[in-house]
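# What the coordinates show
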Amino acid sequence: MLTVGSLFSGIGGLDLGLERAGMKTIWQVERDPYALSILGRHWPDIPRHEDVRRLDAAHVARPDVLAGGFPCQPHSTAGRRKGAADERNLWPDVRRVVEEVQPAACFFENVPGLVTVHGGGFFRSVLEDLERLGYAVAACLLTAGAVGASHKRQRLFILAVADHRGGGLGERAKPAKPLRKSR
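A short tour of the structure in this document, coming up. Worth saying up front: this structure is predicted, and the values here are computed from it rather than measured. (Residues numbered from 1 in each chain as written. Predicted model: local features only at pLDDT ≥ 70, side-chain atom pairs only at ≥ 80, totals over all residues. Heavy atoms only, no water.)

### Some thoughts on the pattern of salt bridges
The full count for this structure, using the stated rule, is six salt bridges. Among the ionic pairs, aspartate 51 bridges to arginine 54, the shortest N-O distance being 3.1 Å. Classification of aspartate 51 by relative accessible area gives buried; the value is 12%. According to the relative accessible area criterion, arginine 54 is exposed, its value standing at 67%. (Salt bridge = Lys/Arg side-chain N within 4 Å of Asp/Glu carboxyl O. Buried < 20%, exposed > 50% of the residue type's maximum accessible area, 1.4 Å probe, protein only.)

Shown next as structure tokens:
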């Protein structure tokens, strides 16, 4: 069974989906008090950490998969789109956690605006960061309708698989694929 370290857990929607796919959440990072109360109700026996900026990889179990939806406000078309200049941009902390924890795979979600903020430069830097850390990376935009929902809300998904390990997930790693959109 693959294990998951969950960043920006919210109320556990991504965690629940990954568990329904046969994985096991082993720790979560979330700072919102209400979300923490929900996580505590549904995952009472796993460690929770309240700030990704202070997460110390030496004090968490190494998961097979690191998953999460890092803050979208710096990239959303509904906001000012400051990207890297926004104080809510926590990608540098995510990158640090990936480097320290060295999971076999990373699974991130975000808003489509991440692809175009700073003329696409921020998105390229995310992909390049993951590749520099030894991951083969693929990304795609999916609508909720593509998986059976009755609306068209679009989300960006990034999958990064370690290509420096022998066996396991890394053995099946492929080179980066171009971004594609679902209908």
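### Digging into the packing of aromatic side chains
Enumeration over the complete set of coordinates arrives at four aromatic pairs. Their ring planes at 75° and their centres at 6.1 Å tell us that phenylalanine 70 and phenylalanine 108 sit as a pair that is edge-to-face. Of this pair, phenylalanine 70 sits in the loop between strand S4 (65–68) and helix H3 (91–101) while phenylalanine 108 sits in strand S5 (residues 105–110); the two residues are 38 residues apart in sequence, bridging distant segments of the chain. Given the relative accessible area of 3%, phenylalanine 70 is considered buried. Measuring from ring centre to ring centre gives 5.7 Å for phenylalanine 107 and phenylalanine 157, while their planes differ by 15°; the resulting arrangement is stacked. Of this pair, phenylalanine 107 sits in strand S5 while phenylalanine 157 is found in strand S7 (residues 154–162), placing the two residues 50 residues apart along the sequence. These aromatic residues form a ring-pair network of at least three members: Phe70, Trp91 and Phe108. (Phe/Tyr/Trp six-rings, centres within 6.5 Å; stacked < 30°, edge-to-face > 60°. Helix = DSSP H or I, 4+ residues; strand = E, 2+ residues; numbered from the N terminus.)

### Quick look at the nonpolar core
Core analysis: the largest hydrophobic core is formed by 34 residues, its most contacted members being Leu7, Phe108, Leu130 and Ile158. Among the secondary structure elements, those contributing two or more residues to this core are strand S2 (24–29), H3, S5, helix H4 (121–132), strand S6 (135–143) and S7. Counting residues in hydrophobic clusters, the runner-up holds seven residues, among them Leu18, Val65, Ala105 and Val161. (Core = buried A, V, L, I, M, F, W, Y, C linked by side-chain atoms within 4.5 Å.)

### Things to note about the side chain of asparagine 89
Here asparagine 89 shows up in the loop between S4 and H3. Take asparagine 89: its relative accessible area is 11%, and that puts it in the buried class. For asparagine 89, the side chain forms a polar contact with the main-chain nitrogen of tryptophan 91, separated by 3.2 Å. Once residues within four sequence positions are removed from consideration, asparagine 89 is found in contact with Pro74, His75, Gly83, Ala84 and Phe122. (Polar contact = N/O pair within 3.5 Å; in protein donor to acceptor, adjacent residues only side chain to side chain. Contact = heavy atoms within 4.5 Å.)

### Regarding H3
Trp91, Asp93, Val94, Val97, Val98 and Val101 are the residues of H3 that are buried. With its buried residues spanning 160° around the axis, H3 presents them on a single face. Tucked inside the fold, the buried residues of H3 contact strand S1 (3–7), S4, S5, H4 and S6. The positive-phi residue at the C-terminal boundary of H3 is glutamine 102, with phi of around 50°. (Arc of directions from axis to C-beta.)

### A few points about unusual backbone geometry
Look at glutamine 102: it is not a glycine, yet its phi comes out positive at around 50°. Examined against the element boundaries, glutamine 102 turns out to sit in the loop between H3 and S5. Unlike most non-glycine residues, histidine 118 shows phi in positive territory, near 55°. By the secondary structure assignment, histidine 118 is in the loop between S5 and H4. Take histidine 118: its relative accessible area is 44%, and that puts it in the partly exposed class.

### Quick notes on the pairing of S7
Within a regular strand, the side chains alternate between the two sheet faces. Direction of pairing for S5 relative to S7: antiparallel, over a ladder of six bridges. Of the residues in S7, the one forming a bridge with cysteine 106 is alanine 160. Of the pairings in the sheet, the one linking S6 to S7 comprises nine bridges and is antiparallel in character. Following the sheet pairing, leucine 142 is matched in S7 by arginine 155. (Pairing = 2+ DSSP bridges.)

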